Amino acid sequence: MSQNEFDSYRPPQPMRRKRRPEATKYDGARKRGQNRMGEVSMVEDVQFTSYYGRQIVKAPPWEYPIGVYLFLGGVAGSSGLIALAAEATGRDTLRRNARVGSIAALGIGTVSLIADLGRPERFLNMMRTFKPTSPMNLGTWIISAYGVNAGVTFANEFDRMTGEKLPLGPLRKVARFMEKPASWGQAATGAPLAVYTAVLLGDSALPAWNGGKFSLPFLFASSASLAASGTAMLSTPLDEIGPVQRLALAGVAGDMLSLRAMKKEMHPLEAEPLEIGDGGKKMHIAEKLLIAGAVTGIFAKKHRAIAIASGACLAAASAFTRFGILDAGFQSARDPKYTVIPQKERLERRRKHGIVDDSIVTGPEAD
């Protein structure tokens, strides 16, 4: 074979094996065997992973400031309800602490939310429209409405704490007149503020969030009551913590029942991130803190130190629950099995019940 001068630079080429003339493309299939109908199997059984090893669903680009917002949003929302109950029962210190705690939690939580968004104008852009079908858009309006009412009630409390020495002039009468409607408005928007984030998470495609979307709002509601009552117990005297003590114990029961209901609602694989990994670790810590807070909460009125310990455990349990749910969602997005296997099993159950007309992959089996 003739060679030119450039062939000397080519690396040595391995010897190629000649193909046997008698070999055909069906030989491998015959070796693998035939199916029961006598048809040749052209491919081997494969185990599904994902397309080029990529995620099937994409997790939102959220970081830990969102977890802070999820927790503080629950504190703020439930604190508005506690403040109204304290006002109705004449517990002035509890009312003041709940109002101050709500505005502080809302302020820090909103800063955390905007910090994660990266650009503050994104928050304002959400208010250009009103779209009730969008949990994120609706949440922006809820935050704004709650903030206005909480600002009015806090202004009145701050004026009282300073001995009415602020130079408000005639505005003081206006502030006192608006205090009662603002208190009711704060309570009315507090409950949606505490749970709308659960609707937002459940509306996503992440299996650990979407799989429990019907029970997740109840879990967030009970978790918010734990957070708000726990923080109130930290700063309220013993003779006024009765309502928050009862709210805390009710929140413990609600938290346990709603979490159990959510896991029962979910496919076992969808619930797995709540048991293992970073999300599972946080959920297990939250469970231990919840039990400790409940036990000490029963005796919270006995001693101030017990009340503080109970409040700290309950607030921490709420925080770990929110961060655990957040991490579980991200974990379920990273592994394709959490998306594919539950979907396949649900589709198979629908096929067995004769539901084959609402999906392109649930056609009737071939005869």
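The model shown is predicted, which means the values in this text are computed figures rather than measured ones. (Residues numbered from 1 in each chain as written. Predicted model: local features only at pLDDT ≥ 70, side-chain atom pairs only at ≥ 80, totals over all residues. Heavy atoms only, no water.)

Colleague: So what exactly am I meant to see when it comes to the overall build of the protein chain here?
Modeller: Looking only at helices and strands, the protein chain has 13 helices and zero strands in total. Counting helices and strands in the order they occur from the N terminus, the protein chain gives α-α-α-α-α-α-α-α-α-α-α-α-α. Within the protein chain, buried positions represent 41% of all 367 residues. Long-range pairs, those at least 24 residues apart, make up 72% of the contacts in the protein chain with a sequence separation of at least 6. With an accessible surface of roughly 21,600 Å², the protein chain has 62% of that area assigned to carbon and sulfur atoms. (Helix = DSSP H or I, 4+ residues; strand = E, 2+ residues; numbered from the N terminus. Buried < 20%, exposed > 50% of the residue type's maximum accessible area, 1.4 Å probe, protein only. Contact = heavy atoms within 4.5 Å. Areas by Shrake-Rupley, 256 points an atom, 1.4 Å probe, with all protein chains shown as cover.)

Colleague: Which parts of the structure should I look at to understand helix α9 (residues 242-265)?
Modeller: Residues spaced three or four apart along an α-helix face the same direction, because each turn holds 3.6 residues. Over its 24 residues, α9 runs 34 Å from end to end, which matches the ideal 34 Å to within 8%, given 1.5 Å per residue. Buried within α9 are the following residues: Gly242, Val244, Gln245, Ala248, Gly251, Val252, Asp255, Ser258, Leu259 and Met262. Packing partners of the buried residues in α9 comprise α2 (64-88), α3 (92-117), α8 (216-235), α11 (277-298) and α12 (304-334). (Expected span 1.5 Å × (residues − 1).)

Colleague: Would you mind going over the pattern of salt bridges with me for this structure?
Modeller: As enumerated under the stated definition, the model contains 15 salt bridges in all. For the salt bridge of Arg160 with Glu179, the shortest nitrogen-to-oxygen distance reads 2.6 Å. One end of the pair, Arg160, is in helix α5 (residues 135-161); the other, Glu179, is in helix α6 (residues 171-202), and 19 residues separate them in sequence. With relative accessibility at 8%, the residue Glu179 sits in the buried group. When the shortest N-O distance is used, the salt bridge between Glu164 and Arg176 registers 3.1 Å. Of the two residues, Glu164 sits in the loop between α5 and α6 while Arg176 sits in helix α6, which places them 12 residues apart along the sequence. (Salt bridge = Lys/Arg side-chain N within 4 Å of Asp/Glu carboxyl O.)

Colleague: Could you clarify how one ought to interpret the confidence of the model for the protein chain in this entry?
Modeller: Should pLDDT be low for a region, the predicted coordinates there are not to be read in detail. For the protein chain, per-residue confidence averages 83 on the pLDDT scale, and 81% of positions sit at 70 or higher. Ranking the helices and strands of the protein chain by mean pLDDT puts α11 first, with 94, and helix α1 (residues 27-32) last, with 46. Overall, residues 23-37 carries pLDDT values under 50, and its contacts beyond four positions in sequence, including any with other chains, amount to 15 contacts. With pLDDT under 50 throughout, residues 362-367 is counted as low confidence; its partners more than four residues away or in other chains account for eight contacts. (pLDDT = per-residue confidence, 0-100.)

Colleague: What am I meant to see in the packing of aromatic side chains here?
Modeller: What describes a pair of aromatic rings is the distance from one ring centre to the other and the angle between the planes of the rings. Taken as a whole, this structure holds five aromatic pairs when the rule is applied. Seen in terms of ring centroids, Tyr64 and Phe323 are 5.4 Å apart; in terms of plane orientation they differ by 20°. Their pairing is stacked. Of this pair, Tyr64 sits in helix α2 while Phe323 sits in helix α12, and the two are 259 residues apart along the sequence. Taking the relative accessible area as the measure of exposure, Tyr64 reaches 46% and is therefore partly exposed. When its relative accessible area of 16% is taken as the criterion, Phe323 is described as buried. Their ring planes at 80° and their centres at 6.1 Å tell us that Phe130 and Trp141 sit as a pair that is edge-to-face. In this pair, Phe130 is assigned in the loop between α4 (121-125) and α5 and Trp141 in helix α5, connecting sequence segments 11 residues apart. Its relative accessible area of 55% is what places Phe130 among the exposed residues. The ring of Phe220 has Arg322 sitting right over it, with the charged end atom 4.1 Å from the ring centre. (Phe/Tyr/Trp six-rings, centres within 6.5 Å; stacked < 30°, edge-to-face > 60°. Lys NZ or Arg CZ within 6 Å of the ring centre and 35° of its normal.)

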